[in-house]
Amino acid sequence: MRCCLSAPLAALAALPAPADLLRSGALLTPAVLRSALAARRERRTHPDTVTALHLELVTLTENSAVITWYTAVPGTDDGFGHLLPAVTEGEVVYGTHPAHLDRTAAEDHPTAHHYVELTDLEPGQTYYYQARSRGRAATPTPLHLVRGNAVGTSLHGLGSHGGPYSFTTPQPPPGRHLVSLALCNDLHLGETTAGLVAGVPMLRGVSQPPGLAPYPEIMSRAMIEEAQRRGADLLLAAGDISAAGAPRDLAEARRILDGFGTHGRDYFVVRGNHDRPRHPDDAFRDGFLGGGDGPGYFARDLGGLRLIGLDTYEKDGNGGDAGGLGAEQLAWFRAKLREERDQPTIVFGHHPLTTRDAVFPMGRGQRLDRRQAREIVDAYASAPGVFLHHAGHTHRNKRTVLTSAPHVTQQEVSAVKDYPGGFCLLRVHTGGYALNYYKNSSVPARAWVERSRRTAGGLWPHHALGRSVTDRNSMRRHDLSGVGAHG
């Protein structure tokens, strides 16, 4: 959470309300107690065994599911209170009845960082599953203790040691597939320590082991590869491309993103608070806006799909305060929506409009200025063609239907740079769309994701993964027939 609390004055300015602090404590206390009990139980385990933990149902589509977990050596400690990895086999057994798990999906090589994809599933079907390594059933990241569930969409199996757990596949988006977009943010090129919060000793942050490539580069390259493998036609990067706006970091980000395609045609980038100018340089403008004095916001028509990119830190500030649009940009945005109210439209910018239901307390520095956010939502209410607002900055997966503009979904996407380390794939069909979150699956990315999950005193998964499967995987009906098929 360095992006919001790195400067002490910014932290003081963005302090959450006391009620939010009490609420957060009440939500997280059960998770702390469960983790302590689990650690005590693992210390009593025979040293020749492995423990399988951190089970997560990451991705759930109409016909597939991605399940991850970690195997470790019981009773060990890597110096951060985390168990050392145990390389072993992994498999998921599953079926349509909890007592009859008659199908198996196995990995093709031993690993400590397990990643199994179930395919050829049926839409609208409930499946039961158990993940296993060396005969040990994997236990879940305990998100269900904070009103979410890391392992499924139903309560089946909660309270049992290793399941079976269950999920129900959604229906596919109606109509014909038109285009797929990868939604990502918070690459933080140049960062060296994840989760570092100034003045909070417990939150000392996590760094990459010596001798390995910088983790923002590993994760950004893995994201590009995964997005291409998953069929993304376009990519939207919603800010904080760099950790501090340094020219060398933004140049490296440009080289990595160019691996996806051509900037301004295949991928699009907007500024985050970390990318703000450092006088006398504005390396973000030089790298992604072609230099000059033009605006950092834009609109593009991509075969009937309108894309609007916002510069949500078009202001002076220290980066830890609330996001803000200049008066000229806000007027331009409202006028742009009025031009074609019914045109299918995606808006993306770094700061979210609202930060509801946060596990960790969030101050005003985590969102756009309240007045401007209300003006944007009011504009959406009169523009039925807008269907998605993509934001980053909070480093969490969170789906929010905007109350005053219920045809618009705000999708916050977790950071590329660390746990859970991935992107959201938006699949646009003529009659609706699906949003599905994917972790980066490369071997170096999986190792860093596991290492970085221990940030925020080990409580980071409760914030970042998404408190329910639908915060990272959802389908919604919407008339998008005006969009042309890509390619």
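You'll find the structure just up there.
Because the structure is a prediction, the values reported are computed rather than measured.

Enquirer: When you look at the overall build of the protein in this model, what are you seeing that I'm missing?
Expert: Of the regular secondary structure elements, the protein holds 10 helices and 22 strands. Out of the 487 residues belonging to the protein, those deemed buried represent 59%. Of the contacts formed within the protein by residues at least 6 apart in sequence, a portion of 73% connects residues at least 24 apart. Accessible surface computed for the protein: about 18800 Å², of which carbon and sulfur atoms make up 53%.

Enquirer: For this particular structure, what's the right way to read the packing of helix α4 (residues 215–229) against helix α5 (residues 247–257)?
Expert: Two packed helices can be described by the angle between their axes and the distance between those axes. Here α4 crosses α5 at 25°, and the two axes come no closer than 9 Å. Here α4 is positioned roughly parallel relative to α5, judged by the angle of their axes. Where α4 crosses over α5, the two elements pack in a sense that is right-handed. Contact with α4, carried on its side by E217, S220, R221 and I224, involves E252, I256 and L257 of α5 and no other residues of that element. Across the contact of α4 with α5, the residue classes tally to three nonpolar, one polar and three charged.

Enquirer: Explain the sheet that holds strand β12 (residues 234–238) here, please?
Expert: Sheets are built from strands paired through backbone hydrogen bonds, the pairs being either parallel or antiparallel. Ordered in space as β13-β12-β9-β20-β21-β22, the six strands form an open sheet in which the pairing is mixed. Either end of the sheet is taken by a strand with one partner, and the two such strands are β13 (267–270) and β22 (473–477). Across the sheet, the mean angle from the axis of one strand to that of its neighbour is 15°, orientation sign disregarded. Where β12 lies against β13, four bridges are found, and the strand directions are parallel. What sits directly across from A237, in β13, is V269. Of the strands in this sheet, β9 (177–184), β12, β20 (422–429) and β21 (432–439) are in contact with α4, which crosses β20 at around 25°.

Enquirer: Explain the pairing of β13 here, please?
Expert: As a general feature of sheets, a regular strand has side chains that alternate between the two faces. Here β13 shows a buried face lined by Y267 and V269 and a second buried face lined by F268 and V270. Running through α5, the crossover from β12 to the neighbouring parallel element β13 is right-handed.

Enquirer: In this structure, what is going on with the environment of Q171? I would like to understand it.
Expert: Along the chain, Q171 turns up in the loop between β8 (165–168) and β9. Q171 sits 304 residues away from M475 along the chain, and the two C-alpha atoms are 7.6 Å apart. Leaving out residues up to four positions away in the same chain, Q171 has contacts with E62, P123, G124 and M475.

Enquirer: What is the right way to read the pattern of salt bridges from this model?
Expert: Side chains that differ in sign of charge can pair as their charged atoms come close. All told, the structure shown has 24 salt bridges when counted by the stated rule. Ionic pairing is found between E450 and R453, a salt bridge with its closest N-O pair at 3.9 Å. When its relative accessible area of 8% is taken as the criterion, E450 is described as buried. Residue R453 is classed as buried on the basis of its relative accessible area of 6%. One salt-bridge network, held together by shared partners, links E56, K439, E450 and R453.

Enquirer: How should the packing of aromatic side chains be read in this particular structure?
Expert: Geometry of an aromatic ring pair is reported as the spacing of the ring centres plus the angle between the planes. What the rule picks out here adds up to 11 aromatic pairs. Ring geometry for Y297 against W332: centres 4.8 Å apart, planes inclined by 50°, an arrangement best described as tilted. Linking Y297 in the loop between α6 (283–288) and β14 (298–302) with W332 in helix α7 (residues 327–339), this pair joins segments that are 35 residues apart in sequence. Judged by its relative accessible area of 23%, W332 falls in the partly exposed class. These aromatic residues form a ring-pair network of at least three members: Y127, Y129, Y165 and F167.

Enquirer: Explain the nonpolar core here, please?
Expert: Generally speaking, soluble globular proteins have nonpolar side chains that are buried together. Within the largest apolar cluster, 66 residues are counted, with the highest numbers of intra-cluster contacts made by L118, Y129, L235 and I241. It is α4 that provides the largest number of residues to this core, a total of seven residues. Each residue touching L235, except ones within four places of it in the same chain, is listed here: A182, C184, M223, I224, L257, F260, D266, Y267 and F268. Within the second largest apolar cluster, 26 residues are counted, among which are L178, L234, A238 and V270.

Enquirer: Explain unusual backbone geometry to me, please; I cannot follow it from the model alone.
Expert: When glycine is set aside, most residues are seen to have a negative phi, and most peptide bonds are trans. Backbone torsion omega between Y419 and P420 reads 0°, so that peptide bond is classified as cis. Along the chain, P420 turns up in the loop between β19 (409–412) and β20. Of note in this structure, H54 is not a glycine but carries a positive phi near 60°. With relative accessibility at 17%, the residue H54 sits in the buried group. Backbone geometry at D186 places phi at a positive 55°, although glycine is not the residue there. For D186, a relative accessible area of 0% gives the class buried.

Cut-offs used in this document
Residues numbered from 1 in each chain as written. Predicted model: local features only at pLDDT ≥ 70, side-chain atom pairs only at ≥ 80, totals over all residues. Heavy atoms only, no water. Helix = DSSP H or I, 4+ residues; strand = E, 2+ residues; numbered from the N terminus. Buried < 20%, exposed > 50% of the residue type's maximum accessible area, 1.4 Å probe, protein only. Contact = heavy atoms within 4.5 Å. Areas by Shrake-Rupley, 256 points an atom, 1.4 Å probe, with all protein chains shown as cover. Axes fitted to C-alpha atoms, helices over the stretch in contact; angles between N-to-C directions. Parallel < 35°, antiparallel > 145°, perpendicular 65-115°, else oblique. Left-handed = near helix turned anticlockwise from the far one by under 90°. Nonpolar A, V, L, I, M, F, W, Y, C, P; charged D, E, K, R; others polar. Pairing = 2+ DSSP bridges. Right-handed = clockwise from strand over helix to strand, strands pointing away. Salt bridge = Lys/Arg side-chain N within 4 Å of Asp/Glu carboxyl O. Phe/Tyr/Trp six-rings, centres within 6.5 Å; stacked < 30°, edge-to-face > 60°. Core = buried A, V, L, I, M, F, W, Y, C linked by side-chain atoms within 4.5 Å.

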